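Residues per chain are reported as follows:
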Amino acid sequence: MIRVFSGIQPSGIPTIGNYLGAIRNWVTLQEGHECLFCVVDLHAITVFQAPETLRAHTREMAAAVLACGIDPARSVLFVQSQVSAHARLAWIFNCVARLGWLNRMTQFKDKAGRDREAASSGLFVYPNLMAADIAAYHARRVPVGDDQRQHLELANDIAEKFNHDYGVDFFPRIEPVILGAAARVMSLRDGTKKMSKSDPSDQSRISLTDGADAIALKIRRAKTDPAPVPESEAGLADRPEARNLVGIYAALAGSSVEQVLAEHGGRGWGPFKEALAERMVATLAPIAAETRRWLGDPGALDALLHEGAIRARAIADPIVAEAERIVGFLEHAAPRAGFGPGRAGNP
Ligand code: AMP
Ligand code: TRP
């Protein structure tokens, strides 16, 4: 079975962009693939997170992913910091990737903003850790939103350079899986900006836990232009806000942009937005309820994540140990009876 890996940062409540661009495709891929899904808290702290907020967001993200339909009996769901193989391989990849490659990453430029000198060094090497996440499992398919395309190309460059430098054929090539009419959902306030769970404006996004009233209000207020809904796709040219709302509608309805325009073209945005909000509520209400149910039982959630980490380690530890051997590190000591954790002198 082909192995699939993907990750999501616990840097806020997931948005409809996360859902339509990524998580929904994760759910589909569970059929016929061996899947691992990871809440990437090591990635989240590349931008400062208050510790209690990070802990809460990590559980909320895991709960939301389960609520969207990830089935822990079929897929491995776990938290990145609980599997040390990620950090170990990331260090090796820090030494394989070239500064020139990282300097071309547009997400770093966006996130670091004008004051690059003040960005954390973790934010700069973020794509190396992402490459390690995938390579530690020899995963071949990676379902993501369109914004991660460049990072996945870099991941392939890193794997290839590792193989070349060490004269091995160890890390496989990966194939991005970028699907659907909403692989890039934009902000509701600015059609040229990606919708993001960490945007300061709550009005810019629909969160998976938003209630019906909040959804209706945000969609009603979503930016549009004065022209009506166009009758064909050509009419969306240079209208980023219009294209965004139509794309979201198509993704929610499971139809194409052309089909949506055939149905709604020529009408005003008022009725279109009403229909869009209705579809969104129908999709998100059960997800929000199921998320709340999981958050009501944090003990069960933590236990499920611990179990996921054990299953993830069983795959990643031997692969990363082999990478360490290839690099020339000495083997780890075998665990010895009587020298377990907690004994004086042996951390
Ligand atoms: P992040 O929220 O950055 O951790 O992203 C988690 C997943 O959601 C990745 O696969 C992203 O590509 C995807 N994603 C994030 N924001 C969007 C968006 N606005 N539209 C589509 N996909 C997105
Ligand atoms: N960088 C991704 C994002 O922000 C999250 C991520 C981390 C990821 N590691 C990954 C996605 C590995 C796919 C595979 O969207």
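Here is what the cut-offs are and how they apply
Residues numbered from 1 in each chain as written. Chains lettered and ligands numbered in written order. Predicted model: local features only at pLDDT ≥ 70, side-chain atom pairs only at ≥ 80, totals over all residues. Heavy atoms only, no water. Domains from an automatic or database assignment. Contact = heavy atoms within 4.5 Å. Buried area = accessible area lost by both parts, 1.4 Å probe. Salt bridge = Lys/Arg side-chain N within 4 Å of Asp/Glu carboxyl O. Polar contact = N/O pair within 3.5 Å; in protein donor to acceptor, adjacent residues only side chain to side chain. Helix = DSSP H or I, 4+ residues; strand = E, 2+ residues; numbered from the N terminus. Nonpolar A, V, L, I, M, F, W, Y, C, P; charged D, E, K, R; others polar. Near = heavy atom within 4 Å. Axes fitted to C-alpha atoms, helices over the stretch in contact; angles between N-to-C directions. Left-handed = near helix turned anticlockwise from the far one by under 90°. Buried < 20%, exposed > 50% of the residue type's maximum accessible area, 1.4 Å probe, protein only. Pairing = 2+ DSSP bridges. Right-handed = clockwise from strand over helix to strand, strands pointing away. Areas by Shrake-Rupley, 256 points an atom, 1.4 Å probe, with all protein chains shown as cover. 1 Å grid on protein atoms, 1.4 Å probe; cavity = no way out; pocket = protein on both sides within 12 Å on 5 of 7 lines; lining within 4 Å. Sits in = over half its atoms within 2 Å of the grid points. Points joined across faces, edges and corners; volume = space filled by probe spheres on them.

A.B. asks: Would you mind showing me how to read the domain arrangement of the chain here?
C.D. replies: By a frequent convention, interface size equals the accessible area lost on bringing the separate parts together. On domain assignment, one finds that the chain holds domain 1 (2–184 + 298–327) and domain 2 (202–294). Placing the centre of domain 1 and that of domain 2 at their C-alpha centroids yields a distance of 29 Å. Residue-level contacts link 20 residues of domain 1 with 18 residues of domain 2. In terms of surface lost to domain 2, no three residues of domain 1 exceed I16, A67 and A181, which account for 32% of the buried area on that side. Inspection of the domain 1/domain 2 interface yields 0 salt bridges. At the boundary of domain 1 with domain 2, the tally comes to 3 residue pairs in polar contact (both at pLDDT 80 or more). Sorting the residues of the side of domain 1 that touches domain 2 by element identifies α1 (16–29), α3 (51–67) and α13 (298–327) as the ones contributing at least two each. Broken down by element, the residue count for the side of domain 1 that touches domain 2 peaks at 5 residues, all from α3. Residues belonging to the side of domain 1 that touches domain 2 are distributed by class as follows: 16 nonpolar, 1 polar and 3 charged.

A.B. asks: Would you take a moment to explain the site of ligand 2 for this structure?
C.D. replies: Around ligand 2 there are 13 residues in total, and Q9, Y126, M130, D133 and Q148 lie nearest to it. Separating a nitrogen atom of ligand 2 from a side-chain N or O atom of Y126 is a distance of 2.6 Å. Separating a nitrogen atom of ligand 2 from a side-chain N or O atom of D133 is a distance of 2.6 Å. Among the secondary structure elements, those contributing two or more residues to the shell around ligand 2 are β1 (3–8) and α7 (121–135).

A.B. asks: Explanation requested: the packing of helix α9 (residues 212–221) against helix α12 (residues 269–295) in the structure shown.
C.D. replies: Working note: a packed helix pair is described by the angle between its axes plus the distance between those axes. Contact geometry for α9 and α12: axes closest at 9 Å, N-to-C directions at 145°. Helix-helix and strand crossings are classified by hand; for α9 and α12 the assignment is right-handed. Every residue of α12 that contacts α9 at A212, I215, A216, I219, R220 and R221 is listed here: K273, L276, A277, M280, V281 and L284. Each residue belonging to the contact of α9 with α12 can be placed in one class, and the counts come to 9 nonpolar, no polar and 3 charged.

A.B. asks: What should I look at first to understand the pairing of β1 in this one?
C.D. replies: Within a regular strand, side chains alternate between the sheet's two faces. For β1, the buried fraction is high: 5 of the 6 residues fall into the buried class. Bridging between β1 and strand β2 (residues 34–39) involves 6 bridges; their strand directions are parallel. Counterpart to V4 in the pairing with β2 is C35. Between the parallel pair β1 and β2, the chain is carried across by α1, and the sense of this crossover is right-handed.

A.B. asks: Quick question: what am I supposed to make of the site of ligand 1 here?
C.D. replies: Around ligand 1, 18 residues are found, and the nearest of them are Q9, G145, D147, V185 and K197. Between N18 and ligand 1, the recorded distance is 2.9 Å, taken from a side-chain N or O atom to an oxygen atom. At 2.8 Å from an oxygen atom of ligand 1 is found a main-chain nitrogen or oxygen belonging to G145. When isolated, ligand 1 has an accessible area of 480 Å², and the protein chains bury 94% of it. Under a 2 Å grid-point criterion requiring more than half of the atoms, the pocket assigned to ligand 1 is the largest pocket. When contributions to the shell around ligand 1 are tallied by element, the ones reaching two or more residues are β1 and α1. Here the residues of the shell around ligand 1 are counted per class, giving 7 nonpolar, 7 polar and 4 charged.

A.B. asks: Is there a simple way to explain empty space enclosed by the protein in this structure?
C.D. replies: If you roll a probe as big as a water molecule over the atoms, it shows you where there is empty space left. Following the criterion strictly, the structure yields 3 cavities of 30 Å³ or more and no others. Approximately 80 Å³ is the volume found for the largest cavity. If you go around the largest cavity, the residues you meet are F93, A131, I134, A135, H138, A139, A155, N156, A159, F171, P172 and I174. Listed by contribution, the elements that provide at least two residues to the lining of the largest cavity are α7 and α8 (149–166). The class makeup of the residues in the lining of the largest cavity is 10 nonpolar, 2 polar and no charged. Of the pockets and cavities examined, the second largest cavity occupies roughly 50 Å³. As for the second largest cavity, its lining consists of M105, Q107, F108, K111, L123, Y126, P127 and H151.

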